[in-house]
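Each chain, written out:
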Amino acid sequence: MATAQSQEQAAPGAFTAFARFVLFGGGVGLASSFAVAALASTIPWVLANALITVVSTVLATELHARFTFGASRRATWRQHVQSAGSAAAAYAVTCVAMLALRQLAATPGALLEQVVYLSASALAGVARFAVLHLVVFARNRSRAATTARPVHANVAHAPAPADPEVLCYAA
């Protein structure tokens, strides 16, 4: 009879997980950019962007849970909320970078805007990967901590001497 722990797929190494993170996250991001453009032709762009962001974050979280981090199961609500929080933080980083660019250069060229945006996105993506890998999808960490049993050594202690001369000599 196999235990539940042995039935789970082994977690991939950090390099493999990062490669999968880039593949799945980048794929969802690329598909999202086309979806926003298509949806924005029928509804306001801000609403299309918000809707696609929510859908793409849920989709990416499911892909990361099942494939990127080797859980082989659906993401929990807690993982979805934490992933959404990390996505919101990454969004904030790119917004701050673009606002800083606008403060430094009144009319930056398209190439400079892309360099700043993609650099901020890459930095935020690496930080988001670290959060997802170390916190959101960290497996068995809490289970191992609660099921670990302390090892007690049986040490035989000699009885303390009752003779005052032996006690003084020992000191």
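Quick note: structure is the one above.
Criteria and cut-off values
Residues numbered from 1 in each chain as written. Predicted model: local features only at pLDDT ≥ 70, side-chain atom pairs only at ≥ 80, totals over all residues. Heavy atoms only, no water. Helix = DSSP H or I, 4+ residues; strand = E, 2+ residues; numbered from the N terminus. Buried < 20%, exposed > 50% of the residue type's maximum accessible area, 1.4 Å probe, protein only. Contact = heavy atoms within 4.5 Å. Areas by Shrake-Rupley, 256 points an atom, 1.4 Å probe, with all protein chains shown as cover. Axes fitted to C-alpha atoms, helices over the stretch in contact; angles between N-to-C directions. Parallel < 35°, antiparallel > 145°, perpendicular 65-115°, else oblique. Left-handed = near helix turned anticlockwise from the far one by under 90°. Nonpolar A, V, L, I, M, F, W, Y, C, P; charged D, E, K, R; others polar. Phe/Tyr/Trp six-rings, centres within 6.5 Å; stacked < 30°, edge-to-face > 60°.

Draft legend 1. Representation of the overall build of the chain. When helices and strands are counted, the chain shows seven helices and zero strands. The order of helices and strands in the chain, counted from the N terminus, is α-α-α-α-α-α-α. The proportion of buried residues among the 171 residues of the chain is 23%. Taking all contacts inside the chain whose residues are at least 6 apart in sequence as the whole, residues at least 24 apart take part in 63%. As displayed, the chain has an accessible area near 12,000 Å², and 70% of this comes from carbon and sulfur atoms.

Draft legend 2. Examining the packing of helix α2 (residues 14-39) against helix α3 (residues 45-68) more closely. As a packed pair, α2 and α3 sit with axes 9 Å apart at the nearest point and diverge in direction by 155°. Of the possible angle classes, the one that applies to α2 and α3 is roughly antiparallel. Considering only the axes of α2 and α3, their crossing is right-handed. Contact residues: Ala17, Arg20, Phe21, Phe24, Gly25, Val28, Ser32, Ala35, Val36 and Leu39 in α2; Trp45, Ala48, Asn49, Leu51, Ile52, Ser56, Leu59, Ala60, Leu63, His64, Phe67 and Thr68 in α3. In the contact of α2 with α3, the residues fall into 15 nonpolar, six polar and one charged.

Draft legend 3. Spatial organisation of the environment of Ser121. Among the secondary structure elements, Ser121 is positioned in helix α5 (residues 110-136). Exposure remark for Ser121: the relative accessible area of 24% places this residue in the partly exposed category. Sequence-wise, Ser121 and Tyr91 are 30 residues apart; in three dimensions their C-alpha atoms are separated by 8.1 Å.

Draft legend 4. Broad picture of the packing of aromatic side chains. The tally for this structure, following the rule as stated, stands at six aromatic pairs. On the basis of an interplanar angle of 25° and a centroid distance of 6.4 Å, the ring pair of Phe18 and Phe21 is categorised as stacked. A residue pair is termed a helical-turn pair when its members lie 3 or 4 positions apart in one helix, as Phe18 and Phe21 do in helix α2 at three residues. Ring pairs connect the aromatic residues Phe18, Phe21, Phe69, Phe129 and Phe137, which therefore count as one cluster.

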